[in-house]
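Per-entry structural report
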Amino acid sequence: MDQLLSNRFNVGSLPEDYIFPPELRPGDLKVPFSTNIPVIDLSEAQNGDRTNTIQKIINASEEFGFFQVINHGISVNLMDEAGGVFKELFEMPAEEKQKMCSNDPSKTCKMFTSNVNYATEKVHLWRDNFRHPCHPLEQWQHLWPENPTNYRECVGEFSVEVKKLASRILSLISEGLGLKSGYFENDLTGSMVLSINHYPPCPEPSLALGITKHSDPNLITILMQDHVSGLQVFKDGNWIAVEPIPNAFVVNIGHQLRIISNGKLLSAEHRAVTNSSDTRTSAAFFVAPSEECIIEPAQALTAEHHPPIFKSFKYKDFISYYFAKTGDTEVVLKSFKAHKN
Ligand code: OGA
Ligand code: NI
């Protein structure tokens, strides 16, 4: 098993197999924080301005595929506690973490460095990752790590809260799209995976990447960024940085929501860059359909003069194709188009 970055000491210079080709590397150019990516106050939806909140969410999802939410109802204490546990996980002794490492796809909880295909990939990512399913909780919680000692309890509680938040956001989205209420309250949100990214300080941030450009293949992602920046969104041919806002969650549209909305909402490409001074730990909750779930553009959004632009398929078939094509957005979406041309 390849050594985790967090188990290595004195990495003085960037090893050659972390250097991306010039067209993919971030370079030295400073990427500005976007003041345009909307920050949505979810308490407004409760205080009578539901229509306005829905409009903001739909506009953000169409234009950026990204927005942040504040006053979302998840307590600061719980967010801090979970954030602390995620950091502690990667600060555990090397042997403890190495025991959790596996490339075996059948393993429920996996810790690895870069990608699971480390052995065959050309360039490695400057990150360690730990991921496991977290919904339905009863099915998975007993398989999670025993250390840090409060991991199961704290991450369990946090996962339940994040799932509820995702449901609230999806219900606002379904109303905004004109879908029937409860549209996503079924197999379409049957699973959720927690993916914790740990990016140690990198000796050459301009040459390396934490995560390469990709769109998320699932339905919707709820991300707890660190206080340290690193997330960038590709918008109209340029990179824009997503500002870390204390106690906010970043929400982004995945490919399935793009397809269900018949192309209205955008599953935007994004990446994570590194920096030379601060460790960054982010936690992404990927809300996803169940494997056998059939995905297709919602019937309410298609009509004779507005035909479905994507075909109907099983979610698991999309996922296998996505990974076979290493997430190439254009290739993947084209292949699930209703009419290829
Ligand atoms: C991801 C992702 C961004 C980040 O895990 O899919 O895009 O900021 N993460 O870690
Ligand atoms: Ni992503």
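Residues numbered from 1 in each chain as written. Chains lettered and ligands numbered in written order. Predicted model: local features only at pLDDT ≥ 70, side-chain atom pairs only at ≥ 80, totals over all residues. Heavy atoms only, no water.

Taking an unreviewed UniProt entry as the reference, the protein is identified by name as Fe2OG dioxygenase domain-containing protein belonging to Glycine max. As stated in UniProt under Cofactor (unreviewed entry), the record for the protein gives "L-ascorbate". (UniProt positions renumbered as here; feature names shortened; annotations may be inferred.)

This part takes up the site of ligand 1. Contacts to ligand 1 come from Asn197, Tyr199, Ile211, His214, Asp216, Leu223, Leu231, His270, Arg280, Ser282 and Phe286. Residue histidine 214 places a side-chain N or O atom 3.1 Å away from an oxygen atom belonging to ligand 1. Contact distances for ligand 1 include 2.9 Å between an oxygen atom and a side-chain N or O atom of arginine 280. Within the complex, the protein chains bury 95% of what would otherwise be the 290 Å² of accessible surface of ligand 1. Elements that contribute at least two residues to the shell around ligand 1 include exactly strand 5 (191-199), strand 6 (211-214) and strand 12 (280-288). Residue contributions to the shell around ligand 1 peak at three residues, all from strand 12. Its residues assigned to classes, the shell around ligand 1 shows five nonpolar, four polar and two charged. (Near = heavy atom within 4 Å. Polar contact = N/O pair within 3.5 Å; in protein donor to acceptor, adjacent residues only side chain to side chain. Areas by Shrake-Rupley, 256 points an atom, 1.4 Å probe, with all protein chains shown as cover. Helix = DSSP H or I, 4+ residues; strand = E, 2+ residues; numbered from the N terminus. Nonpolar A, V, L, I, M, F, W, Y, C, P; charged D, E, K, R; others polar.)

Bringing the pattern of salt bridges into the picture now. Scanning all chains against the criterion turns up 10 salt bridges. Between lysine 264 and glutamate 62 there is a salt bridge, with the nearest N and O atoms lying 3.3 Å from each other. Within this pair, whereas lysine 264 is found in the loop between helix 7 (255-260) and strand 11 (270-272), its partner glutamate 62 is found in helix 2 (residues 50-63), the two being separated by 202 residues in sequence. In this structure glutamate 62 comes out as partly exposed when scored by relative accessible area, which is 35%. Of the charged contacts in the structure, one is a salt bridge between lysine 164 and glutamate 161, with a shortest N-O distance of 3.2 Å. A residue pair is termed a helical-turn pair when its members lie 3 or 4 positions apart in one helix, as lysine 164 and glutamate 161 do in helix 6 (residues 151-177) at three residues. Classification of glutamate 161 as partly exposed rests on a relative accessible area of 23%. One connected set of salt bridges, linked through shared partners, spans Glu63, Lys235 and Asp236. (Salt bridge = Lys/Arg side-chain N within 4 Å of Asp/Glu carboxyl O. Buried < 20%, exposed > 50% of the residue type's maximum accessible area, 1.4 Å probe, protein only.)

Spatial ordering of the open sheet is given by 6-11-8-9, a layout of four strands whose pairing is antiparallel. The open sheet has two free edges, formed respectively by strand 6 and strand 9 (238-241), since each of these has just one partner strand. In this sheet, neighbouring strand axes are inclined to one another by 20° on average, regardless of whether the strands run parallel or antiparallel. Judged from the three bridges that link them, strand 8 (residues 231-235) and strand 11 form a sheet pairing that is antiparallel. Within strand 11, the position partnered with valine 233 by the bridge is histidine 270. (Pairing = 2+ DSSP bridges. Axes fitted to C-alpha atoms, helices over the stretch in contact; angles between N-to-C directions.)

Right, let's get into the pairing of strand 9. In terms of strand pairing, strand 8 meets strand 9 through four bridges, oriented antiparallel. Along strand 9, the bridge assignment pairs glutamine 232 with alanine 241. From the end of strand 8 to the start of strand 9, which pair antiparallel, there are two residues, and aspartate 236 there has a positive phi angle of about 50°.

Across the sheet, eight strands lie side by side as 1-2-10-7-12-5-4-3; this open sheet has mixed pairing. At either end of the open sheet lies a strand with only one pairing partner, and these are strand 1 (39-41) and strand 3 (110-113). Averaged over all pairs of adjacent strands, the angle between strand axes in this sheet comes to 25°, irrespective of strand direction. In the sheet, strand 2 (residues 66-70) pairs with strand 10 (residues 249-253) via four bridges, with the strands oriented antiparallel. Residue valine 69 lies in a different strand from strand 10, and its bridge partner there is phenylalanine 249. Helix 6 rests against strand 2, strand 4 (128-135), strand 5, strand 7 (220-224), strand 10 and strand 12 of the sheet, and its axis sits at about 130° to strand 7. (Contact = heavy atoms within 4.5 Å.)

For the pair helix 2 and helix 6, the least separation of the axes is 9 Å and the interaxial angle reads 90°. What the angle tells us is that helix 2 and helix 6 run roughly perpendicular. Only Ser171, Leu172, Ile173, Glu175, Gly176 and Leu177 of helix 6 make contact with helix 2, whose side of the interface consists of Arg50, Thr53, Ile54, Ile57 and Ile58. Partitioned by chemical class, the residues of the contact of helix 2 with helix 6 number six nonpolar, three polar and two charged. (Parallel < 35°, antiparallel > 145°, perpendicular 65-115°, else oblique.)

It is worth spelling out the packing of aromatic side chains at this point. For the structure on display, the rule yields 13 aromatic pairs. Between tyrosine 183 and phenylalanine 184, the aromatic rings sit 5.2 Å apart at their centres with planes inclined by 75°, giving edge-to-face as the arrangement. Feature note: the residues Phe86, Phe158, Phe249 and Phe285 constitute an aromatic cluster, connected by ring pairs. Above the face of the phenylalanine 64 ring, lysine 235 is positioned so that its terminal group lies 5.0 Å from the ring centre. Here the guanidinium or amino end of lysine 311 rests over the ring plane of phenylalanine 336, the centre of that ring lying 5.9 Å away. (Phe/Tyr/Trp six-rings, centres within 6.5 Å; stacked < 30°, edge-to-face > 60°. Lys NZ or Arg CZ within 6 Å of the ring centre and 35° of its normal.)

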